[in-house]
Amino acid sequence: MSIAVRSVPRTVILAILLIITAVRCSNDVAEDTPVQIDVPSSSTPPEDTHHPSADAEFLDKWLEESRNTEKMLSFRCLLIGLLMCHGGLGSLEVFSANRENILRQDAGTCKGAIKFSFKCVKNGDTYDPDPSTTCVCQGFLSACCTSRNPTTTRSTGNPTSINLAKKIANENAIRNYMRLYLLVLNVVLPSTSTRTVTTTKTPTTTPTPYPTGSDPLDPLTADEITSTSQIIENYSAASRAEPTRRFIYNWITLKEPPKDVLLPFFLSNKDPPADVYPRKSFSVLIERSSGNVFEAVVNLKTKKVESLVQVHNVQPSLSPEDLLRAEVITRSDATVQKRCASLGFPDMDLVYADPWSMGYVGDRPEYQGKRLVQLYVYGKHSIDDNHYAHPFDFLPIVDLIQGVVIGIEELPTHDDFDAGNKVGNVVPHAEANYDYKLRGGAKFLRQDDKPIKVESPQGASYVVKGNQIQWQKWKMRVSFNGREGMVIHTVSYNDNATVRPVLYRASLAEMFIPYGDPRPPYHRKAVFDLGEYGIGFNADRQVLNQDVVGAVVFIDGVLNNSTGDPVSYPRIITIREEDAGILWKHVDFRTGKGVVTRSHRLVLSFIATVGNYEYIFMWQFYQDGTIQLQIQLTGIISSNMLAQGATPAGYGSLVASQIDGQYHQHFFAVRLDTEIDGNPNSVYTSDAVSVSDPTGSPGNPYGQGFTTKKTELKTAATARTKIDPLSGRVWVVNNPTMAHPYTGQAKGWKLVPPNTPPLMMKENSPLRPKASFLDYDVWVLPYAEDQLFPGGFYLNNSGLTEWVGRNPDASVENRDIVLFHMFGLTHIPRVEDWPVMPVEHTGFSFKPYNFFLENPAIDVPPPSSRYKKSEL
Ligand SMILES: [Cu+2]
C-alpha cells in the first residue's frame, strides 16, 4: 500500500501529543513503583494444563503480524504502551506451550518493555503447582506458569492479582505513543506531500471456518472429548457406584468409520455426509485404584458406552502428565536429593530428570507388571542453562501407580562395566548452551547472515476447507491424534479431470530408538516414541517465520488430558508451499532456446519434541506426482557422564569434556494404505541387475547389459522384504485391473526407500521381539482395520510378526492391501552435534510409475510465463 502524509501539520500535532504523553506517563508509571492490577475473576480462561489458553491466540496473532510488517509491530507496541500507562496488561514475553520460552527472542523491538511476574491461581493441577512458580503474562487474561523444568510449563489460570515486577521505562511508553501517533497520522491525514511508504505483505490463507465434525474423518472436537469422559464416568458410576472419576484417560481419539463405509465415497470423489456413520470415540483407560487397563468405545450420537473391556498384561503409553509426575516424584525423593547434593547440586530447583520409558525389564522380576519410568538426572547452573551438559551418574526408577522411587540404578562412567566405580565421577562443569542469549547476546551471532524472505506475491495456490486441502491437482485430508500425530487421508491426483485415488490413509506408525551401549542399565535405553509416548501428545506449536515461512495455514489440534478433558494444541499442523528447485529443464544447444520450470511442493508438517530430541515430519506433495515423507532430526543428543579421564568405552563419542554421546539408531515405521487407481492392489519388487549371460555370450556379447528383475509379492509371509541399495530395489504398488495403454502393464506407484541400516541388536537379543517389525524393511498385508501399529498397540511382542505368523499364506495380490515401510539411520554422534544438533534427514519417496501418459508436470508454467520480465 502507499500512504502519503503532510509533513508540517504532522510535526506540530506530534509535538503536542508527545508533551501530553510525557506528562501522562510520568504520572502514571513511575519507575520502580510496584503496580497492583486486579483482574476480574469472571473472565477466567478455559483451564488448560498443556498449552496456554485461548488468550495466547491473541499473542500469537500479534507475533505473526508484528513480524510481517514494521507498521504492525509499532501498532501493537503502542497498544501495549497505552495499556502500560493506563494500568492494563500485556506481554511481549512468550512461553510456548509445553516448551521453554522459544518465543522469547521474538519480542522484537518491544523486548524488555513489559515483563510481569505473578502468582497463578491454582487450577487443580494434580502435580504441583508450586506457589513460587513464576508465571509470565500470555495476553490479557491468562498466564503461562513455568516451574523449574522447561518441559513442565503448565497450569494456565487466571491471576487474581499481578505485581508489576519489572521497571517500565517511561521512554518506552513515550516511544510507543509516538509510533501510534505516527501511524494514526499516516492513515487519517490527507496528503499533498511526497513521502511514500510501500510495504509488501505476504498474502496468507486462513482455513475456512467449518462446523466441527463435518467430515467423518475429522478428529474429535473438545466437546466430543468431554462427552466421552462424561459418558464413561456416568456409565462406570452407574455400574460401580464410584463417586469420583474412576479412570485416568490415557488416550481418547476418534474411532474412524469402517473403511468400507468411506471407501466408496473416496473412489467416486465424493465427500461423505457427516452422518454417514455415527461419531464414535475410542479410549484407553487406566483404573485409578488398580492400575488395570481398559478400552472403551463410546457412541457419541447415542451417548452410550458401546464397550468397556479390560486388557490384561499391558501398559499404555506414558502421557505428558505421567512424565511430569515422574520427575516431580524423583525430585521429591530424599535419596535422590542426597545423591544430588553429594554431586554438588543441593538445590533441587536446579536438578532436572528426563523421564524415559523402561525399554526392557525382562532382567528384573521386581520391575515386571509395573508402570515404571526411568529418569536420567542432570543439573543446571541457572534456570536457562542447558542441563544436558551436566549429567549425573545414577538412574532413579519411578513407579507411577505407587508414586514413589522404587530404586536407583548406577550408571557406568568408566571404560568398563563397573557401574559401582564412582572414582572421578564429577559432574561435567562446562556449560554448553545453544541460546545465544546465554553466549554473550547479540554480539555472539554472526553479523553477515542477512534475512531471506519467502513470499507468495499472488497468494497461496492451495485451498484449505476445514481439514481438506486442495493444491493444484492434489487433494487430501489431514487429521491429528495423540499417538500418530498428523495423519493424511484420502489422497488423490486429478489427471486431466479424472480424479485418481492414490492413498486411503498414510501415517507414521511407530518409532524406535535403541542405544548401543551394552553396559547395564544402558540396555534399557530403547524407546518407542509412538507406542510409549505418543508422538502427537508431544507435538509443538509452530511459529511463523521460525518453524515455517511463507503463506502458511495453521491447523489446531485437540487432545485429552488424564482427567478426560480436552487440551488445545494450537498450530500443530502447518500447510505451506515451497519452491523446491528446478522441476524440469531443457535447452536446445543449437538455438540456445529452452524451457525451465520451477518445482513447487505442498508441505504438511508437524514437529514433536520428545525429551531431548526434536523430530520434524514433512509430508511433501510435488507437481509431478511424487509424495515424500521427509523427517528431520534435531535437538540435543542424549548425554551421559564420563568420569574424569574416562572414554566412552567404544560405545559412544566424546562430544565434550566428560560427555558421552552414545551410539544409537532412529527407526521410523510408516503405514501406507494404498489405493492406486482403485482398491485392488498388488506389489512387486523391481531390482536393476546385470544380464546373467556371461560376457562374450550371445545374450551379452560385450558384458555391459543390465535389466530389471521383477518379483511379485504373493503372500504376507513372502512379502516381507528388505532394501537392496546395490540393486536399487523399489516396490511397485499397482492395480492389476488397470493396464496402462502403452506398457500393457498394471499402472503403479513406486516406493523408493532411503538407505537404511539394519537394526544392530542381535537376532537373539531379548529386546528384539518387541521390535521385530524391524526384521524387514517392507511388509505387505491384507487390509485389517485394527492393524495400525507394527509393534502392536501395546508393544507386547505383537504387531506385524504376530499378524503374519497367524496367517502367513494370506494373499496380498489384487486385493485391499497395506504396506508398512521401516527406515531410519544410525547416529554416531560427532562433536558438531553438540550442544545442539544440526538437522539430519531421512525419508522415502512414493512416486508414479507408469501411471500417467506422460510427465504429469508438463503443464507447470515456467517462471517466464508468470512474472514480468523486470521481475525475472
Ligand atoms: Cu540421534
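It should be noted that the structure appears before, not after, this text.
Conventions we followed
- Residues numbered from 1 in each chain as written.
- Predicted model: local features only at pLDDT ≥ 70, side-chain atom pairs only at ≥ 80, totals over all residues.
- Heavy atoms only, no water.
- Helix = DSSP H or I, 4+ residues; strand = E, 2+ residues; numbered from the N terminus.
- Buried < 20%, exposed > 50% of the residue type's maximum accessible area, 1.4 Å probe, protein only.
- Contact = heavy atoms within 4.5 Å.
- Areas by Shrake-Rupley, 256 points an atom, 1.4 Å probe, with all protein chains shown as cover.
- Pairing = 2+ DSSP bridges.
- Axes fitted to C-alpha atoms, helices over the stretch in contact; angles between N-to-C directions.
- Phe/Tyr/Trp six-rings, centres within 6.5 Å; stacked < 30°, edge-to-face > 60°.
- Lys NZ or Arg CZ within 6 Å of the ring centre and 35° of its normal.
- Donors = N, O, S within 2.8 Å, 3.2 Å for Na, K, Ca; no water.
- Tetrahedral: all angles 85-135°; square planar, octahedral: opposite > 155°, others 65-115°.
- Salt bridge = Lys/Arg side-chain N within 4 Å of Asp/Glu carboxyl O.

**Quick word on the overall build of the protein**
If you tally the helices and strands in the protein, you get 11 helices and 37 strands. For the protein, buried positions account for 55% of its 872 residues. The long-range share in the protein, meaning contacts at least 24 apart out of those at least 6 apart in sequence, stands at 69%. Accessible surface, the protein: about 36,800 Å² in total, of which carbon and sulfur atoms supply 54%.

**Details of the sheet that holds strand 13 (residues 372–379)**
Whether parallel or antiparallel, the strands of a sheet pair through hydrogen bonds between backbone atoms. An order of 12-13-14-15 is seen for the four strands of this open sheet, with the pairing classed as antiparallel. If you trace the sheet from one side to the other, it starts and ends with strand 12 (351–356) and strand 15 (404–410), each paired once. Neighbour-to-neighbour, the strand axes of the sheet open up by a mean angle of 30°, direction not taken into account. By the bridge criterion, six bridges tie strand 12 to strand 13 in an arrangement that is antiparallel.

**Overview of unusual backbone geometry**
Cis geometry is adopted by the peptide bond preceding Pro-521, which originates at Pro-520 and carries an omega value of 5°. Residue position: Pro-521 is located in the loop between strand 20 (498–514) and strand 21 (526–527). That bond from Trp-834 to Pro-835 is cis: its omega, 5°, falls within 30 degrees of zero. Within the secondary structure layout, Pro-835 lies in the loop between strand 36 (817–827) and strand 37 (837–849). With a phi close to 80°, Ala-497 is a non-glycine residue in the positive phi region. Within the fold, Ala-497 resides in the loop between strand 19 (485–495) and strand 20.

**Remarks on the packing of aromatic side chains**
On inspection of all chains with the given rule, the structure shows 34 aromatic pairs. Taken together, a centroid distance of 5.9 Å and an interplanar angle of 80° make the contact between Tyr-615 and Phe-668 edge-to-face. Placement of Tyr-615 in strand 25 (residues 613–622) and of Phe-668 in strand 30 (residues 664–674) is noted, with a sequence separation of 53 residues between them. The two residues Tyr-615 and Phe-668 agree in class, both being buried. An aromatic cluster of at least three residues, connected via ring pairs, comprises Phe-480, Tyr-569, Phe-606, Tyr-613, Tyr-615, Phe-617, Trp-619, Phe-668, Phe-823 and Phe-844. Directly above the ring of Phe-789 sits Arg-483, whose terminal nitrogen or CZ lies 3.9 Å from the centroid. Across the ring face of Phe-793, the terminal group of Arg-483 is positioned such that the distance to the ring centre comes to 4.8 Å.

**As for the coordination of the copper ion**
Coordination of the copper ion by the protein comes from Tyr-613 (OH), His-664 (NE2), His-666 (NE2) and His-827 (ND1), over a distance range of 1.8 to 2.0 Å. Between the four donor atoms coordinating the copper ion, the angles at the centre fall across 93 to 141°, so the site counts as irregular. Mapping the donors of the copper ion onto the primary sequence gives the spacing Y-x50-H-x1-H-x160-H. You can see Tyr-613 sitting in strand 25 and its partner His-664 sitting in strand 30, a full 51 residues away along the chain. Assigned by exposure class, Tyr-613 and His-664 land together as buried.

**What about the pattern of salt bridges?**
A complete count under the given rule lists 40 salt bridges for this structure. Where Arg-246 meets Glu-287, a salt bridge forms, and the shortest distance between an N and an O atom there is 2.8 Å. Of this pair, Arg-246 sits in the loop between helix 5 (222–240) and strand 8 (247–254) while Glu-287 sits in strand 9 (residues 280–287), and the two are 41 residues apart along the sequence. Per residue, the accessibility class of Arg-246 equals that of Glu-287, and both read buried. A salt bridge links Glu-409 to Arg-364; its shortest N-O distance comes to 3.6 Å. Of the two residues, Glu-409 sits in strand 15 while Arg-364 sits in the loop between strand 12 and strand 13, which places them 45 residues apart along the sequence. Here the salt bridges do not stand alone but share partners, grouping Asp-363, Arg-364, Glu-366, Glu-409 and Arg-524 into one network.

**A closer look at the sheet that holds strand 29 (residues 659–662)**
Taken in spatial order, the three strands of this open sheet run 27-29-28, and their pairing is antiparallel. The two strands at the open ends of the sheet, each matched to only one other strand, are strand 27 (639–641) and strand 28 (652–656). Ignoring which end each strand starts from, the neighbouring axes of this sheet average 45° apart. Inspection of the sheet shows strand 28 paired to strand 29 by four bridges, in the antiparallel sense. Paired with Ala-656 across the two strands is Ile-659, which belongs to strand 29.

**Quick notes on the pairing of strand 19**
Extensive coverage of strand 19 is indicated by the burial of 10 of its 11 residues. The hairpin turn running from strand 18 (residues 474–481) into strand 19, its antiparallel successor, is three residues long. Alignment of strand 19 against strand 20, held across eight bridges, turns out to be antiparallel. The partner of Asn-494 across the bridge, within strand 20, is Val-499. What sits between strand 19 and strand 20 in their antiparallel hairpin is a turn of two residues, with Asn-496 showing a positive phi close to 50°.

**Regarding the environment of Glu-785**
Inspection of the secondary structure puts Glu-785 in the loop between strand 35 (778–782) and helix 10 (800–806). For Glu-785, a relative accessible area of 42% corresponds to the partly exposed category. When the C-alpha positions of Glu-785 and Lys-259 are compared, they lie 7.5 Å apart, and in sequence the two are 526 residues distant. Excluding its chain neighbours within four sequence positions, the residues that come into contact with Glu-785 are Lys-255, Glu-256 and Pro-258.

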